[in-house]
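Residue strings, one per chain:
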Amino acid sequence: MSAALLANIGLIVLLMYSLIQFTLTARSIEEDRRTRERRLGRLEEELGHATAAANDAKATAEGSAREAAALEEAVAELRAVRAEADAKLRELQSAPRRRLIVPDKAVLVHGRLWEVTVVPVAGTAANGAEAETPAGDNGARVYLLGATTDRDARFRAEQRFPTGLGYRVQKVERFKRG
């Protein structure tokens with residue numbers, strides 16, 4: 001019987017060894033599962049951060065595209081405005097320039113300056129002969145006079161250019177720079 005007892009004891013030892021091996025393997029599997037879950041949690045968290053960053057980048061790109069489109073429209077508008085301004089500048093440069101004539105610089109010390117437009121009376125000149133005016137020009141000249149009021153400026157202009165000599169003061173207005 002001792003051989004049977006030894007066989008039973010061997011079997012029990014083998015069974016105990018198998019149980020211990022099974023328990024160790026189960027613990028190892030459980031530890032691997034927990035490690036995998038921790039890694040999976042970290043990866044999901046990183047994926048969430050990466051997704052949020054990608055969404056932010058996408059929103060920024062879309063915003064930049066809208067801003068670029070708005071800037072392109074503004075550039076097109078500015079080009080149109082510049083073309084208009086260039087056309088107007090060419091038109092103004094081709095037009096005859098408005099000249100101011102200053103007859104007496106010593107009088108310009110007054111506080112106000114006045115633009116006085118003097119035109120020759122139609123058909124007469126200073127010597128009584130027929131007035132000559134260039135084509136498209138009515139012969140008007142703008143004089144810059146110093147005076148305290150518009151009446152004073154008109155009076156000074158009428159003294160310098162009397163109606164008896166074929167002149168007429170057409171307009172008196174404040175001098176505007178530019």
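Residues numbered from 1 in each chain as written. Predicted model: local features only at pLDDT ≥ 70, side-chain atom pairs only at ≥ 80, totals over all residues. Heavy atoms only, no water.

### Here we look at the overall build of the protein chain
- Secondary structure assignment for the protein chain yields two helices and four strands.
- The linear arrangement of helices and strands in the protein chain, starting from the amino end, is α-β-β-β-α-β.
- Every one of the 178 residues in the protein chain was classed for burial, and the buried ones make up 11%.
- Relative to all contacts within the protein chain whose residues are 6 or more apart in sequence, the contacts with residues 24 or more apart total 73%. (Helix = DSSP H or I, 4+ residues; strand = E, 2+ residues; numbered from the N terminus. Buried < 20%, exposed > 50% of the residue type's maximum accessible area, 1.4 Å probe, protein only. Contact = heavy atoms within 4.5 Å.)

### Some points on the confidence of the model for the protein chain
- Of all residues in the protein chain, 81% have pLDDT values of 70 or greater, and the mean over the chain is 85.
- Per-residue pLDDT, averaged within each element of the protein chain, yields its smallest value for strand S1 (residues 100-101) (69) and its largest for helix H1 (residues 2-94) (94).
- Across residues 129-136 the pLDDT falls below 50, and counting only partners more than four positions away or on other chains, this stretch makes nine contacts in the model. (pLDDT = per-residue confidence, 0-100.)

### Topic: the pattern of salt bridges
- Evaluation of the coordinates by the stated rule reveals six salt bridges.
- When the shortest N-O distance is used, the salt bridge between Arg33 and Glu30 registers 2.2 Å. You can see Arg33 and its partner Glu30 sitting in helix H1, three residues apart, about one turn around the helix.
- Residue classification places Arg33 among the partly exposed residues on the basis of a relative accessible area of 35%.
- The salt bridge involving Arg34 is made with Glu31; its shortest N-O contact spans 3.5 Å. Pair noted here: Arg34 and Glu31 are both in helix H1, with a separation of three residues, about one helical turn.
- Linked by salt bridges that have partners in common, Glu30, Glu31, Arg33, Arg34 and Glu37 make up one network. (Salt bridge = Lys/Arg side-chain N within 4 Å of Asp/Glu carboxyl O.)

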